[in-house]
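Spelled out from the first residue to the last, the chains are:
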Amino acid sequence: MPRVTCAPPSLCLSLLRLLKHLLPSLPPTVRDADVPPLYRKRFVLSGYRPVGLSRRCYILSLFQIHNETLNVWSHLLAAVCMSMRFLVFVVLQGGGILGFRLQGPEGQGFSVDVSSLPLVLYVISAITYLSCSAAAHLLQAHSEMEHYSLYFLDYACMAVYQYSCAMALYLYTSDDVWKQSMLAQIFPPASALLSWLSCATCCYATLATHFCRPLHRKLCQVVPLGVAFMVVFNPVAHRLISYSWKSNSALPLHFLQMVLFLPSAIFFSFPVPELFYPGHCDIVAHSHQIFHVMLSFSMFIQQEALFKNFLWRRPALIREFGEEHLLLVCASFLCLMLCCVMTALAMRWRAKAQLQKEQRWK
Ligand SMILES: *[C@@H]1O[C@H](CO)[C@@H](O)[C@H](O)[C@H]1NC(C)=O
Ligand SMILES: [Zn+2]
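These figures come from a predicted structure and were not determined experimentally.

Participant: Now, about the coordination of the zinc ion (ligand 2): what can you tell me, with residues and values included?
Facilitator: Donor atoms from the polypeptide that bind the zinc ion (ligand 2) are His137 (NE2), His288 (NE2) and His292 (NE2), placed at 2.1 Å. Classification of histidine 288 as partly exposed rests on a relative accessible area of 24%. Relative accessible area serves as the criterion here: at 1%, histidine 292 is assigned to the buried category.

Participant: Account for unusual backbone geometry, naming residues and giving values.
Facilitator: Note that the residue after valine 272, namely proline 273, is joined by a cis bond; omega there is 10°. Phi at phenylalanine 43 takes a positive value of approximately 70°, unusual for a residue other than glycine. Its location among the elements puts phenylalanine 43 in the loop between helix 1 (10-22) and helix 2 (55-60). Although it is not a glycine, alanine 285 sits at a positive phi angle of roughly 85°. With respect to the helices and strands, the residue alanine 285 is situated in the loop between helix 10 (250-269) and helix 11 (287-321). Given the relative accessible area of 32%, alanine 285 is considered partly exposed.

Participant: Break down the packing of helix 5 (residues 144-172) against helix 12 (residues 323-357) for me, citing the residues and quoting the values.
Facilitator: Helices that pack against each other are described as a pair by the angle of their axes relative to one another and the distance between those axes. Remark: helix 5 packs on helix 12, axes separated minimally by 9 Å, with the N-to-C direction vectors making an angle of 160°. With respect to each other, helix 5 and helix 12 are oriented roughly antiparallel. As helix 5 packs across helix 12, the resulting crossing turns out to be right-handed.

Participant: Kindly report on helix 9 (residues 234-242), identifying the contributing residues and their values.
Facilitator: Considered for burial, the residues of helix 9 that qualify are Pro235, Val236, Arg239 and Leu240. End-on view of helix 9: buried residues confined to an arc of 130°, all on one side of the axis. Turning to helix 9, the residues buried within the fold contact helix 5, helix 6 (176-179), helix 7 (182-207), helix 8 (214-232), helix 10 and helix 11.

Participant: Quick rundown of the site of ligand 1? Include the residues and the values.
Facilitator: Taken together, the residues surrounding ligand 1 are Tyr39, Lys41, Val44, Tyr48, Arg49, Asn67, Glu68, Gln140, Ala141 and His286. At 2.8 Å from an oxygen atom of ligand 1 is found a main-chain nitrogen or oxygen belonging to tyrosine 39. With respect to ligand 1, the side chain of glutamine 140 contributes an N or O atom lying 2.8 Å from an oxygen atom. Calculation on ligand 1 without its partners gives an accessible area of 360 Å², and the protein chains cover 97% of this total. Counted by class, the shell around ligand 1 contains four nonpolar, three polar and three charged residues.

Participant: Can you lay out the packing of helix 7 against helix 8 for me, pointing to particular residues and giving the numbers?
Facilitator: The geometry of helix 7 relative to helix 8 is characterised by a closest axis approach of 9 Å and an angle of 160° between their N-to-C directions. With respect to each other, helix 7 and helix 8 are oriented roughly antiparallel. The chirality of how helix 7 crosses helix 8 is left-handed. Where helix 7 approaches helix 8, its residues Leu183, Phe187, Ser191, Leu194, Ser198, Thr201, Cys202, Tyr204, Ala205 and Thr206 are matched on the opposing element by Arg217, Cys220, Gln221, Pro224, Leu225, Val227, Ala228, Val231 and Val232. Of the residues in the contact of helix 7 with helix 8, the class split is 13 nonpolar, five polar and one charged.

Participant: Tell me about the pattern of salt bridges, and please be specific about residues and values.
Facilitator: Summed over the entire model, instances satisfying the criterion amount to seven salt bridges. Where lysine 179 meets glutamate 320, a salt bridge forms, and the shortest distance between an N and an O atom there is 2.5 Å. Remark: glutamate 320 occurs in helix 11 and lysine 179 occurs in helix 6; sequence separation between them is 141 residues. The partner of arginine 313 in a salt bridge is glutamate 320, with the nearest N and O atoms 3.5 Å apart. The class for glutamate 320 is partly exposed, based on a relative accessible area of 35%. The structure contains a network of salt bridges with shared partners spanning Asp176, Lys179, Arg313 and Glu320.

Participant: Explain the environment of leucine 121 residue by residue, including any values.
Facilitator: By secondary structure assignment, the location of leucine 121 is in helix 4 (residues 117-139). Taking the C-alpha atoms as reference points, leucine 121 and valine 160, separated by 39 residues in sequence, lie 9.8 Å from one another. If near-sequence neighbours (up to four positions away) are discounted, leucine 121 is found in contact with Ser164, Cys330 and Phe333.

Participant: Describe the side chain of serine 195, and please don't skip the residues or the numbers.
Facilitator: With respect to the element layout, serine 195 can be found in helix 7. Its relative accessible area of 0% is what places serine 195 among the buried residues. Those residues in contact with serine 195 that lie beyond four places of it in its chain are Ala159, Gln162, Tyr163 and Leu336.

Rules used in this analysis
- Residues numbered from 1 in each chain as written.
- Chains lettered and ligands numbered in written order.
- Predicted model: local features only at pLDDT ≥ 70, side-chain atom pairs only at ≥ 80, totals over all residues.
- Heavy atoms only, no water.
- Donors = N, O, S within 2.8 Å, 3.2 Å for Na, K, Ca; no water.
- Buried < 20%, exposed > 50% of the residue type's maximum accessible area, 1.4 Å probe, protein only.
- Helix = DSSP H or I, 4+ residues; strand = E, 2+ residues; numbered from the N terminus.
- Axes fitted to C-alpha atoms, helices over the stretch in contact; angles between N-to-C directions.
- Parallel < 35°, antiparallel > 145°, perpendicular 65-115°, else oblique.
- Left-handed = near helix turned anticlockwise from the far one by under 90°.
- Arc of directions from axis to C-beta.
- Contact = heavy atoms within 4.5 Å.
- Near = heavy atom within 4 Å.
- Polar contact = N/O pair within 3.5 Å; in protein donor to acceptor, adjacent residues only side chain to side chain.
- Areas by Shrake-Rupley, 256 points an atom, 1.4 Å probe, with all protein chains shown as cover.
- Nonpolar A, V, L, I, M, F, W, Y, C, P; charged D, E, K, R; others polar.
- Salt bridge = Lys/Arg side-chain N within 4 Å of Asp/Glu carboxyl O.

Dropping the structure here:
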């Protein structure tokens with residue numbers, strides 16, 4: 001009989017050995033009273049990494065147990081899963097959706113396919129958002145300036161992702177009746193404006209930690225996000241309400257996506273469950289972790305639904321919207337990205353001025 005040997009790959013083993021050597025050099029986590037107020041989360045009492053360690057320590061803390069371990073890993077794994085799924089999708093489609101022609105009438109080659117460009121932008125911005133968010137949670141405790149910079153970057157990526165979502169739903173999911181509505185006429189600029197507003201208000205709320213009450217800051221974040229949500233999901237909500245779900249296999253997925261997304265927004269806004277069990281949800285199960293996990297699933301499911309919508313819509317897309325309109329949408333995406341990055345940089349500049357005034361930045 002043939003014998004199967006399953007020796008663990010030696011690379012893995014040496015990596016484990018290295019970690020075993022490096023991890024004990026990390027300082028243990030501390031209690032909330034031991035970190036500056038900026039870093040404290042209400043009802044989370046322990047599991048904080050000390051502030052002001054070297055960057056190497058925070059990178060290594062990826063393998064340590066602390067209050068952000070799950071926050072980092074959830075978005076990291078989601079980014080990996082979404083990229084893998086996208087690669088599989090591209091390969092199954094023969095590379096065509098990236099504009100590559102592996103086997104076409106004209107042989108192999110490269111051409112830009114405007115009808116798939118919005119989908120590609122959507123996937124890229126989703127993966128970028130997840131990675132930036134994971135990096136922000138992993139590294140922000142280094143210094144107050146780093147905290148601000150990384151979260152501002154995170155919010156800029158979130159806004160760009162939000163706009164890419166709006167565009168993908170607008171182009172691949174909307175139906176003919178919806179397209180006649182008032183909202184449909186102003187949908188692209190309106191969703192761009194709302195995305196930028198979400199970025200600006202979220203940054204502002206983070207900046208205002210010192211001089212604004214927690215409730216006001218939360219409202220400042222949640223109200224623009226809520227309005228944006230209602231606009232962005234309008235095309236798919238209309239389709240869900242007015243068509244039989246049997247007509248389109250993507251509709252149950254869109255529904256599932258919403259079912260996961262709505263409660264995740266509640267966990268983003270309210271410190272539940274740690275409010276009821278202060279100190280018991282520090283490492284596992286505080287609200288932000290539940291938000292991350294539900295958001296990750298909801299993003300993955302939305303990607304799946306959009307793949308289906310894309311395949312079904314693609315042949316007629318250029319005829320329906322016109323090539324110029326599609327190019328304009330992609331160009332507006334780049335403009336929004338620029339606006340959000342500039343906003344984040346401006347906020348970073350204000351944060352620096354604020355810290356300098358308080359003489360906490362050298
Ligand atoms: C976890 O601890 C870090 C400091 O290491 C802090 O900045 C962050 O706000 C804490 N997060 C939660 C959810 O408690
Ligand atoms: Zn987060």
